[in-house]
Amino acid sequence: MDSDKLYSIKIFPQRNIAKTSLCQLKAALEKVSYLTLCRQYGLDSGLIDQTLQNLEVVLSGEDVSPYFIVHYLPPGGRPIIVYRWDPSSKVGSQILVGALGTISEKILTESLSNCAAIYSVSLHASQLKDIGLLLGYEIARWIGFHGGGLVCDLHGDWYTLNQHQAFIPISRIRRKH
């Protein structure tokens, strides 16, 4: 992976998430099963205490980009940046058209066409090797669950979330219908 490149997890929720409810995100991130997920992602679990000590969700003003920032490293460390766009805005419509151009599944096109917002969890290449990767997916899980939306992961694979907040690949849903 390119060491200067930014990577993103995109979330297309069906419902708007109130800015005030983002305050609940920190509490949700504090409850994550870090040890289990570090094993799953192949990450250093020795970074868990440092992450929890430095964990902070910083909200921006209304209609300001980035939408919010998640600090998890000691001061001076690179935060996770989350952007939000209205699907009818210039950037939002470009992202939406790009996403729609890469899929053919009806469940995806219908859901994307009716999304209330577009979120992007932006991760620097270095964050893919530390707990930033884990936090990025947990932020996407939280937005996707509370907004009832679809998630496009770092590899371009699509997921929905079930009632237990588990990522369910769209390909598995397609096989059932």
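Scoring rules and cut-offs
Residues numbered from 1 in each chain as written. Predicted model: local features only at pLDDT ≥ 70, side-chain atom pairs only at ≥ 80, totals over all residues. Heavy atoms only, no water. Helix = DSSP H or I, 4+ residues; strand = E, 2+ residues; numbered from the N terminus. Contact = heavy atoms within 4.5 Å. Pairing = 2+ DSSP bridges. Axes fitted to C-alpha atoms, helices over the stretch in contact; angles between N-to-C directions. Parallel < 35°, antiparallel > 145°, perpendicular 65-115°, else oblique. Left-handed = near helix turned anticlockwise from the far one by under 90°.

Note on placement: Ser122 falls in strand 5 (residues 118-124). With residues up to four places along the chain from it excluded, the contact list for Ser122 reads Leu6, Tyr7, Ile80, Ile81, Tyr83 and Gln127.

Another aspect to go through is the sheet that holds strand 7 (residues 158-161). Strand order in the open sheet formed by eight strands is 2-3-4-5-1-6-7-8, and the pairing between neighbours is antiparallel. The open sheet has two edge strands with one neighbour each: strand 2 (56-59) and strand 8 (167-169). Within this sheet the neighbouring strands show an average axis-to-axis angle of 25 degrees, counted without direction. Summarising the sheet, strand 6 (residues 150-152) and strand 7 pair through two bridges and their orientation is antiparallel. Looking at strand 7, one finds that Cys152 is bridged to Trp158. Its contacts with the sheet place helix 4 (residues 90-100) against strand 1 (6-12), strand 4 (80-85), strand 5 and strand 7, and it is angled at close to 90 degrees to strand 1. Strands strand 1, strand 3 (68-71), strand 4, strand 5, strand 6, strand 7 and strand 8 of the sheet are contacted by helix 6 (residues 131-147), whose axis makes an angle of about 175 degrees with strand 5.

Where helix 1 (residues 23-30) contacts helix 6, the axes come no closer than 11 Å and their chain directions differ by 125 degrees. Judged by the inter-axis angle, helix 1 sits oblique to helix 6. Where helix 1 crosses over helix 6, the handedness of that crossing is right-handed. Residue-level contacts link Gln24, Leu25, Ala28 and Leu29 of helix 1 to Leu135, Glu138, Ile139 and Trp142 of helix 6.

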